[in-house]
Amino acid sequence: MVRLNAAQQRIVNELDRNILLLASAGTGKTNTLAYRVAHIIESGRAAGEEILCMTFTNKACREMKERIAGKVGPKAKAVEVSTFHSFCYALLAEESKRQDDLFTDITIYDEEDCKELLAPLKPAGMKDIEFQNLVAWVKEARSRYGLYSDSSTEDYKRTIRRAYAEEKQTVLRLLGGADSFIMGDVQRRFEYDGYRIMVAYEEALQQVHGVDFTDLITRVHRLFQNEDVRRRWQQRYKYIAIDEMQDTSTLECEVMKVLWQGNHVLLCGDYFQTIYEWRGSDPLALLKAYRDEFSPMTVVFYENYRANQTLFKASLAVLQAMFPDIIDDFYEETPYAVTGDAGTPITIHGAPTEWKEGAYIFDAIRSLPKDSNVGILVRNNKRAQYLSRLFANLNVHLPPEEQREFMIIDEFKFFRRQEIKDIMAYFKLLLNSHDSVSAKRISKRYVKGIGEARIQAIESADTRQAGLTLTDFFDMAIFEGEPYQRLLEGLNAGKVVVFDVESTGTDTTTDEIIQIAAIRLGADGSEAECFERFICPAKSVGDSQAVHGFSDEWLKEHGEPAEAVLADFVEFSKDAVIVGHNVGYDISILGSELHRHHLPQPRFSAVYDTLDIYRRFYPNLLNHKLGFLSEYFPIDHKPTHNALDDIRATALLLLYAVKENIEPTANRRRALIGSYKNAFATIASQMATLRRKSNSERPTQLLAYIMNDMGVLQYYKQAREEQRVEYIRDLYRMMEQLEQEESELSGPDCLRRILQQAALTAGEPDQRIKNETRIPIITVHQAKGSEFDYVFLANMNVGVFPGMLAIREGKEEEEKRLFYVALTRAKKQLTISYITTNHRGAPWSESPFLAYLPKELVERK
């Protein structure tokens, strides 16, 4: 067992007070937090599921999970360890049942996917990344201003008006970056018409059942304005630990503070590693608010276990020189390195050209043992790409045994690779049949005869007004008739079943159904048959009682065994056309329950969602909640969150849409389908097989079918891009490992985990790097959380580090902290290099930051 020092032991033992832990790099923070979680569980203060640990990266999450598992074994699985974004995604997925304007088959759209939706809205002259940053900022501003009415149009008008009044320089900066004349016009127009862009983008996301990364925060923030939702999530946890608190944005902090109320909170971080102020982090404000409101006990870790004496003294001296007025507020004592290893001086090398700088680094690395743990740090990706090309050229002249292999971390954004996104597009469309972005991706590469022009025609306003989308052409039903033909036939035959469930919670993988209610509609639209049964669940209903009104005691008296009710409903709904409002949740939890009880999956002939129907035909309504629709349209039944009441309202809304929208547009749909369907015959048939397989086969088996039978393998072989297939094999191995770790999950639930993992690794180096033998060339931002025995910090020139923009805008403080982060990545040896002349031959000064390094700890070469 690892022996903890006194400060670490205080963190483990103190379970009654809130804690502020100030822990710099290499002080044993992660291990201490793992011991603390183990102590909480073993002392009986909380069960695993009542503990929430939140950190900044997926890498840190994996590390924390592994450490906790090493302490408490299987009990660790119940502990919630997640990044902030993955926590928000899980919360939205759970709340989608109660908030029926959120789809249960919600898909996270990464930055590449969002480009597709934003492209028609982007002002001329703006770059994709600039436009995405602008849209994200306006979304966050709406949340910061608390503008949450039922009209997103009015909310965004007020948001942009207020932003121009109070934060105009920020808005103009976000709208800049291109030709000043062009952007001046854009800036003026955005003030008055920007709300149209925001509303159109939100509608585009709704149409594909999608959310972007900003939505994950803003939607949870909005949900937390509801007292019932706040209380539900506050009561879920007893102990909460937030790591890397200095990197959280102001809005993220507001969301997290909701969870802290009434719980034991540990806030952990290091102010001097704040390197995300540009995305809204304000650690000093967070610390003040936390101290004022939660009165925490402050603990500082002074002992460093990572660096040798030279490296530690150098990094501490840099802090003291850079932040003399702040450092004393954080450290009452002087931090120190535990090791007795004195280390070697930090090497600083000035090279006459960038080529010679790279050659110097290359030769220095070759002088180290080949298996050395080495990292090359740069300020930006442009420099990383240059060094990668240079090292490749230098390797050419060496025999293989003397060469060194390198990699750029950006190359290893595994889930952003073309071939991986292709596979994920099939999976996403499998779980979210409305994901037109994935359908478009598949069409362009794997469906012959479908190009941009035909896709634009299918996605035109004329097609949408007929109730058709691109994804409809991926369903075999379209070859038997128009998309609503099964619904109309089912109504005429009296085979439409409208159903809803109530449950102990909203996690389809762990919660249990307590009520199934369904009505079969007669040919005249009347209620022909009713099914309403209650189940006595194995777990408590908890706070879900406030929603559905059924207590544990009532269910014990009136509920039946789950197996009997589930089996009877499968029989009741056999070959029926199933309808529900936001029905994805109900079908998902039904499928999970049947899987857990080893019962056969239901046999529906078709599924229709009234939420999707009303969003297709009435996209501009204030919202599409069941309650709102029931008030807005002339039906005489109102939902109450009792399953039977809700399905009666849903049935009436269905009949109204059929009469007013679906039947009148049927001929137009048939004509459009006739124009396009032949090109989609093969892919629709393949997707039908894939959907059928997904009910009984594991995700790895589905991947094999996609590769071998759906044309992906053949496509890359014909394109002579076999290397892409190797990355897909890596994906297969990752999926295989997840299936083994989560063997209790059904195939669809396991697939959801994979898609979540893929979506929420944006911008992070992939876990595959962990076992890589190649030397990473990595930006300092990407290097945070990593450590290397030998670090080479390149291109330390003025205008590069600190950057010219930071110098012009007077924002060098964050650059200083970034320099400190770079210094603390090294464990044994640090080499810093700069260039003495630029590409024009003019003198180029070294970074002023190098002057902060103590001369006695530096050796210039």
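Scroll up for the structure.
What you see is a predicted model; the values in this text were computed from it and never measured.

Student: If you had to explain the environment of Leu118 to someone new, which residues and values would you point to?
Tutor: Of note, Leu118 is situated in helix H5 (residues 111–118). Looking at Leu118, the relative accessible area reads 3%, which means it is buried. In this structure, the C-alpha to C-alpha distance between Leu118 and Tyr201, residues 83 residues apart in sequence, is 6.6 Å. Setting aside its immediate chain neighbours within four residues, Leu118 contacts Phe131, Gln132, Val135 and Tyr201.

Student: Which residues make up the packing of aromatic side chains, and what are the values?
Tutor: As enumerated under the stated definition, the model contains 34 aromatic pairs in all. When the ring of Phe531 is compared with that of Phe572, the centres are 5.2 Å apart and the planes differ by 45°; the resulting orientation is tilted. You can see Phe531 sitting in strand E16 (residues 527–534) and its partner Phe572 sitting in helix H25 (residues 562–572), a full 41 residues away along the chain. Each member of the pair, Phe531 as well as Phe572, is classed as buried. Measuring from ring centre to ring centre gives 5.2 Å for Phe633 and Tyr656, while their planes differ by 50°; the resulting arrangement is tilted. One end of the pair, Phe633, is in the loop between helix H28 (626–632) and helix H29 (643–662); the other, Tyr656, is in helix H29, with 23 residues separating them in the sequence. Residue classification places Tyr656 among the partly exposed positions, given a relative accessible area of 21%. Through a chain of ring-to-ring contacts, the aromatic side chains of Tyr614, Tyr618, Phe628, Tyr632, Phe633 and Tyr656 assemble into a single cluster. It is Lys428 that lies over the ring of Tyr109; its NZ or CZ is 5.3 Å from the centre. For the cation-ring pair, Arg520 lies above Phe572, with the distance from its terminal atom to the ring centre recorded as 4.5 Å.

Student: Help me get a handle on the pattern of salt bridges, residues and values and all.
Tutor: Taken as a whole, this structure holds 57 salt bridges when the rule is applied. Note that Asp215 and Lys139 form a salt bridge whose closest N and O atoms lie 2.8 Å from each other. Linking Asp215 in helix H10 (residues 213–223) with Lys139 in helix H6 (residues 128–144), this pair joins segments that are 76 residues apart in sequence. Like Asp215, the residue Lys139 is buried in the burial classification. With a shortest N-O distance of 2.7 Å, Arg142 and Asp155 are connected by a salt bridge.

Student: Before we move on, can you summarise the nonpolar core with the specific residues and values?
Tutor: By size, the foremost hydrophobic cluster in this structure holds 83 residues, and its most contacted members are Trp260, Phe819, Ile832 and Leu853. Among all residues touching Leu853, those that are not within four sequence positions of it are Ala314, Val318, Ile346, Ile348, Leu823, Ile832 and Val858. Core analysis: the next-biggest nonpolar cluster, separate from the first, contains 52 residues, Leu470, Phe473, Met734 and Leu745 among them.

Student: Any details on the packing of helix H18 (residues 418–431) against helix H31 (residues 681–694)? Residues and values, ideally.
Tutor: It is the contact of H18 with H31, at a shortest axis distance of 10 Å, that shows an interaxial angle of 70°. In terms of axis orientation, H18 runs roughly perpendicular to H31. Facing Tyr426, Leu429 and Leu430 of H18, the residues of H31 in contact are Ile683, Met687, Leu690, Arg691 and Ser694. Its residues assigned to classes, the contact of H18 with H31 shows six nonpolar, one polar and one charged.

Student: Lay out the environment of Tyr156 with the relevant residues and their values.
Tutor: Considering the arrangement of structural elements, one finds Tyr156 in helix H7 (residues 152–166). Taking C-alpha positions, Tyr156 is 43 Å from Thr824, a pair spaced 668 residues apart along the chain. Leave out the neighbours within four places in its chain, and Tyr156 touches Val138, Lys139, Arg142, Tyr195, Met198, Val199 and Glu202.

Student: Could you give an account of a nonpolar patch on the surface, with specific residues and numbers?
Tutor: Together, Tyr305, Tyr336 and Val338 give the surface a local cluster of nonpolar side chains, amounting to about 290 Å² of exposed area. Locating Tyr305 in the fold gives a position in the loop between strand E9 (303–304) and helix H14 (309–322). For Tyr305, a relative accessible area of 42% translates into the label partly exposed.

Student: Could you give an account of the sheet that holds strand E11 (residues 346–351), with specific residues and numbers?
Tutor: What the seven strands build is an open sheet, ordered E13-E19-E12-E20-E21-E11-E22; its pairing is parallel. Each edge of the open sheet carries a strand with a single partner, namely strand E13 (406–408) and strand E22 (858–860). Mean inter-strand twist for the sheet, computed between neighbouring axes without regard to direction, equals 25°. Here E11 runs beside E22; their pairing, made up of three bridges, is parallel. Bridged to Ile346 within E22 is Val858. Packing against the sheet, helix H16 (residues 354–366) makes contact with E11, strand E12 (374–378), E13, strand E19 (775–779), strand E20 (788–793) and strand E21 (826–835), and its axis sits at approximately 160° to E21.

Scoring rules and cut-offs
- Sequence order as written defines residue numbering, which begins from 1 separately in each chain.
- A pLDDT threshold of at least 70 governs which residues receive local features in this predicted model, and a stricter bar of 80 or more applies before side-chain atom pairs are shown or counted, although totals over entire chains, interfaces and linings include all residues.
- The side-chain numbers reported here are obtained from all heavy atoms of the structure, hydrogens and water having been left aside.
- Only DSSP runs of H or I with at least four residues qualify as helices, and only runs of E with at least two residues qualify as strands; both kinds are numbered from the N terminus onward.
- Whether a residue is buried, partly exposed or exposed follows from its accessible area with a 1.4 Å probe, protein chains only, as a fraction of its type maximum: under 20%, in between, or over 50%, in that order.
- By definition in these notes, contact holds between two residues if any of their heavy atoms fall within 4.5 Å.
- For Phe, Tyr and Trp, rings pair up if their centres lie within 6.5 Å, where Trp contributes its six-membered ring, and each pair is then called stacked (planes under 30 degrees apart), edge-to-face (over 60) or tilted (otherwise).
- Any Lys NZ or Arg CZ found within 6 Å of a ring centre and within 35 degrees of that ring's normal is scored as a charge over the ring.
- For salt bridges, the criterion is a side-chain nitrogen of Lys or Arg within 4 Å of an Asp or Glu carboxyl oxygen.
- Here the nonpolar core consists of buried residues drawn from Ala, Val, Leu, Ile, Met, Phe, Trp, Tyr and Cys, with membership extended through side-chain atoms lying within 4.5 Å.
- Lines fitted to C-alpha atoms define the axes, with helix axes restricted to the stretch in contact, and inter-axis angles between N-to-C directions lie between 0 and 180 degrees.
- The cut-offs work like this: below 35 degrees is roughly parallel, past 145 is roughly antiparallel, 65 to 115 is roughly perpendicular, and the gaps in between are oblique.
- Side-chain classes are defined by residue name, with Ala, Val, Leu, Ile, Met, Phe, Trp, Tyr, Cys and Pro counting as nonpolar, Asp, Glu, Lys and Arg as charged, and the others, Gly among them, as polar.
- In this scheme, patches are assembled from residues that exceed 30% relative accessible area and form no salt bridge. Like charges are connected within 9 Å, while nonpolar side chains (Val, Leu, Ile, Met, Phe, Trp, Tyr) are connected within 5 Å.
- Areas reported here follow the Shrake-Rupley algorithm with a probe of radius 1.4 Å; residue values treat only the protein chains shown as occluding.
- The criterion for strand pairing is that DSSP finds at least two bridges linking the strands in question.

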